[in-house]
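Summary of structural features
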Amino acid sequence: MNDIEQRLEYLEEADEALKMQNRVLAAALKGLLRGLPPEAAQNAIESIRLSFEDELAALEYEENPYADLFHDATYAFFREKG
């Protein structure tokens, strides 16, 4: 049982590290967007939205089991941005 507990602890730590990495990347992207002139920032945001939509479409086409997770993460990113 100790081996399973160690694996679970490792996975929980890896999950938290991944969440923090994603948070750092999101903060960096938001900072970059904030530093752009308003029109350029709006164009960049629209381009990002289109890229996310393209990626989601590809995941759905491939019947990737994580397509819903990608969609939820994308939604959360844009919800937090506003």
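Up top is the structure these notes are about.
Below is a short write-up of the structure. (Residues numbered from 1 in each chain as written. Predicted model: local features only at pLDDT ≥ 70, side-chain atom pairs only at ≥ 80, totals over all residues. Heavy atoms only, no water.)

1. Side note on the packing of aromatic side chains
- This structure, assessed with the given rule, holds 1 aromatic pair.
- Their ring planes at 85° and their centres at 6.0 Å tell us that phenylalanine 52 and phenylalanine 70 sit as a pair that is edge-to-face. Taken as a pair, phenylalanine 52 in helix α2 (residues 38–61) and phenylalanine 70 in helix α3 (residues 67–81) lie far apart in primary sequence, 18 residues in all.
- On the basis of relative accessible area, phenylalanine 52 is assigned to the partly exposed category, the value being 24%.
- A residue is classified by how much of its surface remains accessible, and phenylalanine 70, at 25% relative accessible area, is partly exposed. (Phe/Tyr/Trp six-rings, centres within 6.5 Å; stacked < 30°, edge-to-face > 60°. Helix = DSSP H or I, 4+ residues; strand = E, 2+ residues; numbered from the N terminus. Buried < 20%, exposed > 50% of the residue type's maximum accessible area, 1.4 Å probe, protein only.)

2. Remarks on the nonpolar core
- Ranked by size, the top nonpolar core spans 6 residues in total: Ala26, Leu33, Ile45, Ile48, Phe77 and Phe78.
- Listed by contribution, the elements that provide at least two residues to this core are α1 (2–35), α2 and α3.
- Setting aside anything within four residues of it in sequence, one finds phenylalanine 77 in contact with Ala26, Leu29, Lys30 and Phe52. (Core = buried A, V, L, I, M, F, W, Y, C linked by side-chain atoms within 4.5 Å. Contact = heavy atoms within 4.5 Å.)

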